[in-house]
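Single-letter residue listing:
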Amino acid sequence: MAGIYVHIPLCAAKCAYCDFYSVPRGRISPDALVDALTNEFSLRRHELGDESVSTIYIGGGTPSSLSSGLLTALMDRFREYSPDECTVEVNPEDITAGYVTSLVNAGINRVSMGVQSLVDSELSFIGRRHSARDAIDAVRIIKDNGIDNLSLDLIYGLPGQTVDTWRRSLDTLLGLYPQHISAYLLSYEPGTRLTAMLNAGKITETPDETIEIMYNTLCRMTSDAGFDHYEISNFSQPGRHSRHNSSYWDGTAYLGLGPGAHSFTLGTRRHNPSDIRQYIKLRGSGITVEEPENDSERFNDFIITSLRTADGLNLAKAAEFGRTDKVIEAARPHLRSGKMLLSGGRLRIAETSWLVADSIMRDFIEV
Ligand code: SF4
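Described in the following lines is the structure provided in the data block.

Analysis parameters
- Within any chain, residue numbers begin from 1 and follow the written order of that chain's sequence.
- Given that the model is predicted, a residue must reach a pLDDT of at least 70 before its local features are reported, and side-chain atom pairs must reach 80 or more before they are shown or counted; all residues, however, enter totals for whole chains, interfaces and linings.
- Note that water and hydrogens are dropped before the side-chain values are worked out from all heavy atoms of the structure.
- Definition used in this section: a nonpolar core is a set of buried Ala, Val, Leu, Ile, Met, Phe, Trp, Tyr and Cys residues joined via side-chain atoms within 4.5 Å.
- With a 1.4 Å probe rolled over the protein chains alone, any residue whose accessible area is under 20% of its type maximum counts as buried; one over 50% counts as exposed, and the rest are partly exposed.
- The contact criterion used is simple: two residues touch if any of their non-hydrogen atoms lie within 4.5 Å.
- Each Phe, Tyr or Trp ring (for Trp, its six-membered ring) is paired with any other whose centre lies within 6.5 Å, and the angle between the two planes then decides the class: stacked below 30 degrees, edge-to-face above 60, tilted in between.
- Think of it this way: any DSSP run of H or I at least four residues long counts as a helix, any run of E at least two long counts as a strand, and we number them from the N terminus.
- Over a ring means this: the NZ of a Lys or the CZ of an Arg is within 6 Å of the ring centre and within 35 degrees of the ring normal.
- Residues qualify for a patch when their relative accessible area is over 30% and they have no salt bridge, like charges being joined within 9 Å and the nonpolar side chains of Val, Leu, Ile, Met, Phe, Trp and Tyr within 5 Å.
- Each accessible area value is a Shrake-Rupley result obtained with a 1.4 Å probe; residue values ignore everything except the protein chains displayed when judging cover.
- Salt bridges are counted wherever a side-chain nitrogen of Lys or Arg sits within 4 Å of a carboxyl oxygen of Asp or Glu.
- Residues are labelled near a given molecule or strand when at least one of their non-hydrogen atoms is within 4 Å of it.
- Gly falls in the polar group here, along with every residue not listed as nonpolar (Ala, Val, Leu, Ile, Met, Phe, Trp, Tyr, Cys, Pro) or charged (Asp, Glu, Lys, Arg).

1. Side note on the nonpolar core
I4, I58, F78 and F364 are the most contacted members of the largest nonpolar core, which has 91 residues in total. Excluding residues that lie within four positions of it along the chain, I58 makes contacts with V6, I8, P63, L71, L74, M75, T87, V88, E89 and I108. Counting 12 residues, the second largest nonpolar core, distinct from the first, contains C15, I126, L158 and I203.

2. Describing the packing of aromatic side chains
For any pair of aromatic rings, the description rests on two quantities: the centre-to-centre distance and the angle between the ring planes. Across all of its chains, the model carries 7 aromatic pairs by this definition. Ring centres of Y5 and Y57 lie 6.1 Å apart, and the angle between their planes is 25°; this geometry places the pair in the stacked category. Linking Y5 in strand β1 (residues 2–8) with Y57 in strand β4 (residues 53–60), this pair joins segments that are 52 residues apart in sequence. Taking the relative accessible area as the measure of exposure, Y5 reaches 14% and is therefore buried. Take Y57: its relative accessible area is 7%, and that puts it in the buried class. Arranged with centres 5.0 Å apart and planes meeting at 85°, the rings of F41 and F78 form a pair that is edge-to-face. Residue F41 is found in helix α1 (residues 30–44), and its partner F78 is found in the loop between α2 (68–76) and β5 (85–90); the two are separated by 37 residues along the sequence. A single burial state applies to F41 and to F78, both of which are buried. Counting every residue linked through ring pairs, the aromatic cluster contains F41, F78 and Y81. The cationic tip of R269 hangs over the ring face of F264; the distance from NZ or CZ to the ring centre is 4.5 Å. A cation sits over an aromatic face here: R323 above F299, 4.8 Å from the ring centre.

3. Focus: a nonpolar patch on the surface
Residues L185, L355 and V356 make up a contiguous nonpolar surface patch of about 200 Å² in total accessible area. Its place among the elements puts L185 in strand β8 (residues 180–185).

4. Quick look at the site of the ligand
Taken together, C11, A13, K14, C15, Y17, C18, G61, T62, N91 and R128 are the residues near the ligand. For the shell around the ligand, a count of residues per class yields 5 nonpolar, 3 polar and 2 charged.

Honestly, it's all geometry; don't read function into it.
This is the structure we're talking about:
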């Protein structure tokens, strides 16, 4: 089994917190981008060998920057496969009934929509181009037009956000009955507008105690609504976890197409440079860079991906790396403090400690 990821690095405007690679959508020909993507696929499909493709994920950026005709042309290129899950990321302001119908006709069966907050003052502060009402209306349109697998994204720890407004966003979002929720803790990344404001003293970081209350509220409200917290930032109704993202965490091969896309094919990690103009000029040809990994780097990947999930780290797999003793030794203080749990041959970070997962994982990483 394998996956295909397609990166569409076009956005209408840059959100204040975002450091993903994207360029303003008016400045690039979307036709030329799709032409380059389909050409790259033709040149690199052999990297998947005769593996069957079980998931396709079109992410960004904002894939809904593409017309429905271009998205259909892109999906047509993958017609030889019969994936179980085909996801496209969208923003609320691009959603119309006709657009969603075209997505469904093109073979899309899952939509992931960036909502981020359902409080208008927070949305405008972070530069989103939609209101809470727009997001709610878009959910209704998506559901009414044939998509029954919908994921919604939220962010907590935003400047000005309070426990009350966070609870309000969550409450409204849960009332929309999505099948999946991704909830990310805001991180101040270099180069973003929010980081510049933070450095200039115009905003302050949300205190750790408030973040902890927000995280606990998130865990409790999603659990009460029947969601399974299956990865640090991801929650799903039973059977509705993101199969595509899960394959990143369990070592499945995936072919990443587009500027800035990452791949794991033929046992090797690869990436495409984040340069859309060069990508279009070369029609996606000869740009992919291999990232050879040594044994320690492969082990570190295994630690980081597996300890992010509720399934946790498989000790039998650690044995394949010859590192069982080392893993048990690193886990010992965390098992004693209750931050980690060991059962069924698997080592897990307790849900109550996922907020500090990075500091726990550091004890396992080889430098
Ligand atoms: S958050 Fe999404 S829409 Fe906003 S700039 Fe980043 S990729 Fe584009």
